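Summary of the model geometry
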Amino acid sequence: MSSQELAAFLRRRREDLRPEDVPAEATLPPGRRARRTPGLRREEVAALAQVSVSYYERLERARAPRPSPQVLVALATALQLTEAERDHLARLAGQVLPADNDAAPEHVPQDARQLLLRLDGIPAYIVNDRQDIVAWNAAAAALITDFSRLTPEERNTTRMSTRFRDTLCTGAPGSESDFSQQAAAQLRAASARRPADATLAELINEFATHDPDFASSWRNHAVRPMANVRKNMHHPTLGGLEIDRHTLSLPGSSFFLVMYTAEAGSPSAAALKSL
């Protein structure tokens, strides 16, 4: 990852924080001018992280040496980063080794495949860190599409949401941007792990070109995962469905389990059972 990426991430996270977000026990340096834009000032983050203002300014301008692990911890605390964001910051700073090649991710664990089969009546599939659907159960095929009829390149959740937006799968009002933010967060984390993955880079460029919400989330360095996204789905025979899309990380791997459920007792839940 380049120093420009690290600089952009620090700047975005600093702009997300407001003075009132800072813990009461922390002391911010007195302001010398009125705030023209939201977010903390550089000197305020420097004070919270106990680093020099000039060093932090050089970090945000991509002109400083990569920070040490101790400085990264201080910056992460000052910027109130989540665990996912702390991991992303470390990768951007070169403190975590990326994948040693750009080959496809490892094979899906057998116990994960067995779990898919046991989720009787619950549409579910497994994606890799590129968001390629690599395994699925019969309920998922019945709800979404017959994945076996798609090419491996077409079996990508973000690509499918773009191509089938007006037919098979559409976002609930107000949630389409949530779905795009989720995709951007997952792919940005993947790109930090796999900087030499040309296929991943092509996907990111494709999605950013066709999806303004994805492009906006990507520019904002969104890496906070969203475990739940509510969607409206249109099924050829069942009609409109209001579905919750759950995403769970599979421990010890780069795979995620995605499940679709509906609120108990709702017409959508009854429709899912009919699958």
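Before going into details, it helps to say that this report is about the structure given with it. Bear in mind the structure is a predicted one, so any value in this text is a computation, not a measurement.

About the thresholds
Residues numbered from 1 in each chain as written. Predicted model: local features only at pLDDT ≥ 70, side-chain atom pairs only at ≥ 80, totals over all residues. Heavy atoms only, no water. Salt bridge = Lys/Arg side-chain N within 4 Å of Asp/Glu carboxyl O. Buried < 20%, exposed > 50% of the residue type's maximum accessible area, 1.4 Å probe, protein only. Helix = DSSP H or I, 4+ residues; strand = E, 2+ residues; numbered from the N terminus. Pairing = 2+ DSSP bridges. Contact = heavy atoms within 4.5 Å.

1. Quick word on the pattern of salt bridges
A complete count under the given rule lists 12 salt bridges for this structure. Across the salt bridge formed by glutamate 44 and arginine 41, the nearest N and O atoms sit 3.7 Å from each other. Here glutamate 44 falls in the buried class, since its relative accessible area comes to 2%. Take arginine 41: its relative accessible area is 9%, and that puts it in the buried class.

2. Describing the pairing of strand β4 (residues 228–235)
The alternating pattern of β4 places Val229, Lys231, Met233 and His235 on a buried face and Asn228, Arg230, Asn232 and His234 on a face that is not buried. Sheet topology note: the β4/strand β5 (residues 239–249) ladder contains 8 bridges and is antiparallel. Along β5, the bridge assignment pairs histidine 235 with glycine 239. Adjacent in sequence and paired antiparallel, β4 and β5 are bridged by 3 residues.

3. Re the side chain of serine 268
Relative to the helices and strands, serine 268 resides in helix α12 (residues 267–274). Residue classification places serine 268 among the buried residues on the basis of a relative accessible area of 9%. Other than its neighbours up to four places away in sequence, serine 268 contacts Leu241, Glu242 and Ala262.

Purely spatial values, then, with no claim about function.
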